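These are the residues of each chain, in order.
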Amino acid sequence: MAQYKIAWLPGDGVGNEVMEAAKIVLDALKFDAEYIHGDIGWEFWCNEGDPLPQRTIEVLHNTDCALFGAITSKPKEEAAKELIPELQDKGYVYFSPIVRLRQEFNLHTNLRPCKAYPGNPLNYKEGIDLVIFRENTEGMYGGVEFHPIPQHVFDALCTHPKMKKFGEKGLENLALSTRIMSRQGCENIVRQAFEYAKKHNRKSVTVVDKPNVIRETGGLMIRTAREVAKDYPDIPLWETNIDAQCMWLVKNPLDYDVLVAENMFGDILSDLAAQLVGGLGFACAGNIGDNYAVFEPTHGSAPKYYGQYKVNPIAMLLTTRLMLDWLNEFDMANRLENAIATVIAEGKVRTYDMGGSNTTLEMAEAVASKL
Ligand code: IPM
Ligand code: MG
C-alpha cells in the first residue's frame, strides 16, 4: 500500500495542465502516494447543479490531503444561465467550491508565501520574502448575506441607531454582507503566524486590518493579536491599516516579513504580494485545518490558455512543495524548492510570462531534472 492517499482535484481549464506538471515532479521525487481523482468545477455545476459533488467530499474524507488545480467561478446570475436546460429555474445557486471546501473542512488557515527567487525576471525587487497568513473561514467570506434585507433582519438591526436611515431607501434596494469574526478565529490565525515566525527565525509579524474605521471586528483582531504577541516576546508585532500596508508593500517590500490578516484583507494582500514576486505563475497556497489541508495555486483556470500547455506551473510546483512540507516530508519539500530555485536562476527554461517560450510540461521536466 502506498504511504499517502492524495485527493487529486484538477478542476477546470489549465488546472488540468498544471496538475500534470505536479505529477511529473512528484514522480521524480518518488513520492509514495495513491492519487484519487475527485470531480470538481464548472462542468459539474452545469450538468449536476453542484461544482463540488458529494462523492468528491467523500474522496476528501478518505485521503490525507488534497492537491487542487484551478476552477472557473462566476457570479451567481451568470452561473445560473449556464446550467443545462433540465436544471434551469430549479433553485440551484452557485457557490465557489473552494470557499465551500474551506468552510466544510474548517481549513482555517490560508498560508501564502511570496518569495522573489533570484533570477526571476518578473521580480519587483530582489530579496522579497513575505509569508501571508490569511484567516480562511470567517469575515466577509462567512456567507451571511441578504438582498433584499428581510423585514425581521432589518428590524433586529434597527436596534442600532445608524441602521434607520437605510430603511428610508426601501428594503428591496438594500444589500447586506456581514463581516463576522470570532476571537478564536483571530487568535488562531495570529498564533499560526507567530509560530511560523518563531520556527523560521522571521524578524517580525505584521497584523493588518482597519480598526480605526471597522472598529469592532478590526478592534477584536488587533486586541487579540496584542494578547497573542505576549507569548512571543522576541518577535515584534507591527500593526498597520490595509490601505497603507498596500502602499508600503509597493514602497518598501523588504521591510516586511510575516503578515497576518482576516479573510478579505488577506485575499487582497496576497494578490498584491504575489505580483511583487512574479504574479500568478508564482503564487502558491495551502488551505490548512487541524486534520486536513487542500493545496492550490491561487491562479484561476485561464480558459483562454487552456489546451495550449502555456501557463507557468511554478505556482503549482511551489504549492506541491507546501503539501510535502505539511506532510512532514521536509527533505522532499526542500529538494523541490531548491530544484525550482535552480531552474529559475539558470534562466534557460522560461514560460511565456517570464519572457520565454517553454511549455508547462517543459518547465516541469526541467525542475524534475534537478531532483
Ligand atoms: C483566492 C481566490 C478565491 C478567494 C476566489 C476564487 C473565491 O481569490 O483564493 O484568493 O477569494 O479566496
Ligand atoms: Mg484571491
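Residues numbered from 1 in each chain as written. Chains lettered and ligands numbered in written order. Predicted model: local features only at pLDDT ≥ 70, side-chain atom pairs only at ≥ 80, totals over all residues. Heavy atoms only, no water.

### Some words on the domain arrangement of the protein chain
Our working definition: Boundary definitions for the domains trace back to an automatic or database domain assignment.
Annotation of the protein chain at the domain level lists domain 1 (1-109 + 284-371), domain 2 (129-141 + 181-276) and domain 3 (144-177). On a C-alpha basis, the centres of domain 1 and domain 3 stand 39 Å from each other.

### Topic: the pattern of salt bridges
Operational definition: A pairing counts as a salt bridge when a side-chain nitrogen of Lys or Arg comes within 4 Å of a carboxyl oxygen of Asp or Glu. Only protein chains enter the accessibility calculation, which uses a 1.4 Å probe; a residue whose area is less than 20% of its type maximum is buried, one above 50% is exposed, and one in between is partly exposed. The helix and strand labels rest on DSSP assignments: H or I over at least four residues marks a helix, E over at least two residues marks a strand, and numbering proceeds from the N terminus.
Within the structure shown, the criterion is met by 23 salt bridges. The salt bridge involving Glu82 is made with Lys74; its shortest N-O contact spans 2.7 Å. A residue is classified by how much of its surface remains accessible, and Lys74, at 26% relative accessible area, is partly exposed. The partner of Arg100 in a salt bridge is Glu104, and the shortest N-O contact between them spans 3.0 Å. With Arg100 and Glu104 both in helix α5 (residues 97-104) and four residues apart, the pair spans about one turn of that helix. Owing to a relative accessible area of 22%, Arg100 belongs among the partly exposed residues under this scheme. When its relative accessible area of 45% is taken as the criterion, Glu104 is described as partly exposed. Connected through shared salt-bridge partners, Lys115, Arg321, Asp325 and Glu337 make up one network.

### As for the sheet that holds strand β1 (residues 4-11)
The cut-off we apply is this: The pairing criterion is simple: DSSP has to find at least two bridges between the two strands. Only the contacting stretch of a helix is used when fitting its axis, a line to C-alpha atoms as for every element, and angles between N-to-C directions run 0 to 180 degrees. Throughout, a residue-residue contact means that at least one pair of heavy atoms, one from each residue, lies within 4.5 Å.
Across the sheet, 10 strands lie side by side as β2-β1-β3-β12-β11-β4-β5-β10-β8-β9; this open sheet has mixed pairing. This sheet does not close on itself; its edge strands, each paired only once, are β2 (33-37) and β9 (237-241). Going across the sheet, the axis of each strand differs from the next one's by a mean of 25°, ignoring polarity. In the sheet, strand β8 (residues 205-209) pairs with β9 via five bridges, with the strands oriented parallel. For Val205, the partnering residue across the bridge sits in β9 and is Leu237. Contacts between helix α3 (residues 54-61) and the sheet are confined to β1, β2, β3 (65-70) and β12 (293-297), with β1 contributing the most and set at about 150° to the helix. This element, helix α12 (residues 314-326), spans β1, β3, β4 (109-115), β11 (284-288) and β12 of the sheet and lies at about 160° to β12.

### Considering the packing of aromatic side chains
Each aromatic ring pair is described using two quantities: the centre-to-centre distance and the angle formed by the ring planes. Filter applied, for reference: When two rings of Phe, Tyr or Trp (its six-membered ring) have centres within 6.5 Å they constitute a pair, described as stacked for plane angles under 30 degrees, edge-to-face for angles over 60, and tilted for the intermediate range. Two conditions define a charge located above a ring, namely a distance within 6 Å from the ring centre to NZ of Lys or CZ of Arg, and an angle within 35 degrees of the ring normal.
Applying the stated rule across the entire model yields 10 aromatic pairs. Directly above the aromatic system of Phe166 lies the positively charged group of Lys165, at a separation of 5.1 Å from the ring centroid. Above the ring of Tyr352, the side-chain terminus of Lys310 is found at 4.7 Å from the ring centroid.

### Points about a positive patch on the surface
Applicable threshold: Only residues whose relative accessible area exceeds 30% and that form no salt bridge are eligible for patches; like-charged ones are grouped when within 9 Å, while nonpolar side chains (Val, Leu, Ile, Met, Phe, Trp, Tyr) are grouped when within 5 Å. Using the Shrake-Rupley algorithm and a 1.4 Å probe, accessible areas are obtained, with residue cover drawn only from the displayed protein chains. As used throughout, the charge tally considers Lys and Arg to be positive and Asp and Glu to be negative, leaving His and the chain termini uncounted. In plain terms, the charge of a residue is placed at NZ if it is Lys, CZ if Arg, CG if Asp and CD if Glu.
A surface patch of positive charge is lined by Lys162, Lys165, Lys169 and Arg215. For Lys165, a relative accessible area of 49% translates into the label partly exposed.

### Some details on the environment of Ala70
Within the secondary structure layout, Ala70 lies in strand β3. We classify Ala70 as buried; its relative accessible area is 2%. Remark: the alpha-carbon pair of Ala70 and Pro10, spanning 60 residues in sequence, is separated by 6.5 Å. Ala70 has contacts with Pro10, Gly11, Asp12, Gly15, His299, Gly300 and Ser301, leaving out every residue within four places of it along the chain.

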